[in-house]
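What the coordinates show
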Amino acid sequence: MTDRLTALTAAELAEAIRTGETTSVAATEAHLARIDAVDGAVNAFLAVDADGALAQAAEADRRRAAGDELSPLAGVPVAVKDNIVTEGLETTAASRILAGWVPPYDAHVVERLRAAGLPILGKTNLDEFAMGSSTEHSAFGPTRNPWDLERIPGGSGGGSAAAVAAFEAPLALGTDTGGSIRQPAAVTGTVGVKPTYGGVSRYGSLAMGSSLDQIGPAARTVLDAALLHDVIGGHDRRDQTSIDHAWPSFADAARAGLGDGAVKGLRIGVPRQIAEGEGFEPAVIADFRAALDRLRDLGAEVTWIDTETFEYAVAAYYLLMPAEVSSNLARYDSVRYGLRVVPEGAANVERVMSATRAAGFGDEAKRRILLGTYALSSGYYDAYYGKAQQVRTLVQRDFADAFAQVDVLAAPTSPTVAWTLGERGDDPTKMYAADLTTIPANLAGVPAISLPSGLADGLPVGIQFMAPAREDARLYTVGAALEAALDADRGAALLAGAPELQEATR
Ligand code: GLN
């Protein structure tokens, strides 16, 4: 029974709990056992809260027995990326500077999970402060890709994606500033969604690039991601960027994708600049083109379009994001949170602060703080930060032009499959190149989904769809339609995982 419960999708598990076939406590125990069995190898979790999760599960079961009105996902356990605060549960953002910090409050999305009765299994690993594309920048060791333990699980949300891919959790939360939900989803064969900017409250998510950051779902199916999005989305006064909008049910949008002709006549644009070219593995392009063929079979109209400024999105992002980081990370000052290093001899505030930041931040965080401070400094502001803002505006115009012609855009989520651990450690720009296809959506604030499109040399490849702001529902419809069409070809092969982990999976 233990193994079977972890193999279910969140929707199936919710149904099994609802009908009394199983309980939330049993489902939570099964996932905790799975974490015990495989997380030594995967390292998806920074902290596991077995007692807390089981108490929440018992409460969900109690509410069900009492006949309370419950959410569609009630009782289904979930994992939370460790840059989202959880009351009473250590939150580190995978940084030494926050090690041991126990937040006094819950993030908005965590409040929502608790209210909806989803037990929180624990906190997942990430690149320090969500800066990176491989989870190797975690101060607490890298997460490994469940498909091949010698490979990276993507980043920064490699922990959330790997936890879901390795059946340690049916669902997880991530954050996406430049691709950190979608790229890990692509390289782990899972589903990840970056909602419209402002669609999910960031209250209680540790700010990195505030004009870009967005919280979203990670799951193994499109419907599961939609169900979780329904739980966490919607307006919250405590995040001033939160949109007050009557969002439709994303689960309904996903189910609509399963109907006949759901994508018939849908106009899909392929932005040439982020769908082929230098740095794209041929096997990724071949897989992507095969997915486009399936979409055509389903009745969609696929056209290639030019979005010339998308080529400059990475360069603009790696000025804007560090600029915002340099100011957001100023709050880790040795006084208010976490680590404090007092150097020998007479200490003044400045020396304590500098010793703390020198010891507490890893190399990538320091690199970005320095870069961002430089890009904002007087004399360089116009040339770097100002120029990057202009590029951002042009990218937004390219999106507007594109969406005047098509309903959604499609591209590979990542130019390559998962690379081996350490492979891109020597040159940060190699790591940044992994974000070529995901960053445009963040610069424009539009929603995007990644879902598995196939395998290249036995490793997962993801396809990404982007839609106009507030049209997240479209992503779930087209995503579910394609998922269903591809599943017919592939069966369960896509969820097989690394041989080392299979034994415990099935
Ligand atoms: N890989 C990107 C970066 O390093 C994206 C990070 C993110 O989305 N949090 O900044």
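Use the structure listed above.
For the chain, the count of helices and strands is 18 helices and eleven strands. What you see for the chain is a C-alpha radius of gyration of 21 Å, in line with the 23 Å of a compact globule of 506 residues. In terms of principal-axis extent, the alpha carbons of the chain reach across some 70 × 55 × 45 Å. The burial tally for the chain puts 61% of its 506 residues in the buried class. Within the chain, residue pairs in contact and separated by at least 24 positions form 75% of the contacts whose partners lie at least 6 positions apart. Roughly 18,200 Å² of accessible area belongs to the chain as shown, and the carbon and sulfur atoms make up 51% of that amount.

Attention now goes to the packing of helix α11 (residues 313-328) against helix α14 (residues 382-405). Two numbers describe how α11 lies on α14: the axes approach to 9 Å, and their chain directions differ by 125°. It follows that α11 is oblique to α14 by the angle criterion. Judged by the twist between their axes, the crossing of α11 over α14 is left-handed. Residue-level inspection shows Ala313, Ala316, Leu319, Leu320, Ala323 and Glu324 of α11 in contact with α14, the latter providing Tyr384, Tyr385, Ala388, Gln389, Val391, Arg392 and Val395.

Here we take up helix α2 (residues 10-18). Of the residues making up α2, those classed as buried are Ala10, Leu13, Ala14, Ala16 and Ile17. The arc enclosing the buried residues of α2, seen along the axis, measures out at 160°, which places them on a common side. Glycine 20, located one to two residues past α2, shows a positive phi value of around 85°.

Take the pattern of salt bridges next. Enumeration over the complete set of coordinates arrives at 22 salt bridges. As a salt-bridge pair, arginine 368 and glutamate 364 come within 2.7 Å of each other at their nearest N and O atoms. Within this pair, arginine 368 and its partner glutamate 364 are both found in helix α13 (residues 363-376), separated by four residues, close to a single helical turn. No difference in accessibility class separates arginine 368 from glutamate 364, as the two residues are buried. When salt bridges that share partners are traced, they join Glu111, Asp236 and Arg238 into one network.

This part takes up empty space enclosed by the protein. Empty space among the atoms can be located by rolling a probe the size of a water molecule over them. One pass over the structure, following the stated rule, counts four cavities of 30 Å³ or more. Along the wall of the largest cavity there are 13 residues; nearest its centre are Gly132, Gly178, Ser180, Tyr317 and Asp435. Its residues assigned to classes, the lining of the largest cavity shows five nonpolar, six polar and two charged.

A few words now on the packing of helix α3 (residues 24-42) against helix α4 (residues 50-65). In the contact formed by α3 and α4, the axes pass within 8 Å of each other and the chain directions differ by 160°. In this view, α3 runs roughly antiparallel relative to α4, as classed from their interaxial angle. Between α3 and α4 lies a crossing whose hand is right-handed. In contact with Ser24, Val25, Thr28, Glu29 and Leu32 of α3, α4 contributes Ala50, Ala53, Leu54, Ala57, Ala58, Ala60 and Asp61.

So, on to a nonpolar patch on the surface. A surface patch of nonpolar side chains, about 290 Å² in accessible area, is lined by Tyr374, Tyr380 and Tyr384. Looking at where tyrosine 374 falls in the secondary structure, it is placed in helix α13.

Mapped onto the fold, asparagine 43 is located in the loop between α3 and β1 (45-48). Spatially, the C-alpha atom of asparagine 43 lies 9.4 Å from that of asparagine 145, the residues being 102 residues apart in sequence. Each residue touching asparagine 43, except ones within four places of it in the same chain, is listed here: Asn125, Phe140, Gly141, Pro142 and Thr143. Polar contacts involving the side chain of asparagine 43 include one to the main-chain carbonyl oxygen of proline 142, which spans 3.0 Å.

This part takes up the sheet that holds strand β6 (residues 215-219). Spatially, β1-β3-β2-β4-β6-β5-β10-β11-β9-β7-β8 is the arrangement adopted by the eleven strands of the open sheet, whose pairing is mixed. If you trace the sheet from one side to the other, it starts and ends with β1 and β8 (301-305), each paired once. Going across the sheet, the axis of each strand differs from the next one's by a mean of 25°, ignoring polarity. Pairing analysis gives two bridges linking strand β7 (residues 267-271) to strand β9 (residues 408-412), with the strands arranged parallel. From the neighbouring strand, isoleucine 268 faces β9, where its bridge partner is valine 408. Of the strands in this sheet, β1, β2 (78-81), β3 (120-124), β4 (171-175) and β6 touch helix α6 (residues 158-165), which is tilted by about 165° from β4. Packed on one face of the sheet, helix α8 (residues 222-232) meets β4, β5 (191-194), β6 and β10 (448-456) and runs near 150° to β6.

Turning our eyes to something else, we now look at the site of the ligand. If you check the shell around the ligand, you find 16 residues, and the closest are Thr177, Gly178, Ser180, Tyr317 and Arg368. Interatomic distance of 2.8 Å between a side-chain N/O atom of arginine 368 and an oxygen atom of the ligand. Burial of the ligand by the protein chains amounts to 100% of its free accessible area of 290 Å². The cavity where the ligand resides is the largest cavity. For the shell around the ligand, the element with the highest residue contribution is α11, accounting for three residues. Its residues assigned to classes, the shell around the ligand shows six nonpolar, seven polar and three charged.

Thresholds applied
Residues numbered from 1 in each chain as written. Predicted model: local features only at pLDDT ≥ 70, side-chain atom pairs only at ≥ 80, totals over all residues. Heavy atoms only, no water. Helix = DSSP H or I, 4+ residues; strand = E, 2+ residues; numbered from the N terminus. Rg over C-alpha atoms; globule rule 2.2 N^0.38 Å. Buried < 20%, exposed > 50% of the residue type's maximum accessible area, 1.4 Å probe, protein only. Contact = heavy atoms within 4.5 Å. Areas by Shrake-Rupley, 256 points an atom, 1.4 Å probe, with all protein chains shown as cover. Axes fitted to C-alpha atoms, helices over the stretch in contact; angles between N-to-C directions. Parallel < 35°, antiparallel > 145°, perpendicular 65-115°, else oblique. Left-handed = near helix turned anticlockwise from the far one by under 90°. Arc of directions from axis to C-beta. Salt bridge = Lys/Arg side-chain N within 4 Å of Asp/Glu carboxyl O. 1 Å grid on protein atoms, 1.4 Å probe; cavity = no way out; pocket = protein on both sides within 12 Å on 5 of 7 lines; lining within 4 Å. Points joined across faces, edges and corners; volume = space filled by probe spheres on them. Nonpolar A, V, L, I, M, F, W, Y, C, P; charged D, E, K, R; others polar. Patch = residues over 30% accessible without salt bridge, like charges linked within 9 Å, V, L, I, M, F, W, Y side chains within 5 Å. Polar contact = N/O pair within 3.5 Å; in protein donor to acceptor, adjacent residues only side chain to side chain. Pairing = 2+ DSSP bridges. Near = heavy atom within 4 Å. Sits in = over half its atoms within 2 Å of the grid points.

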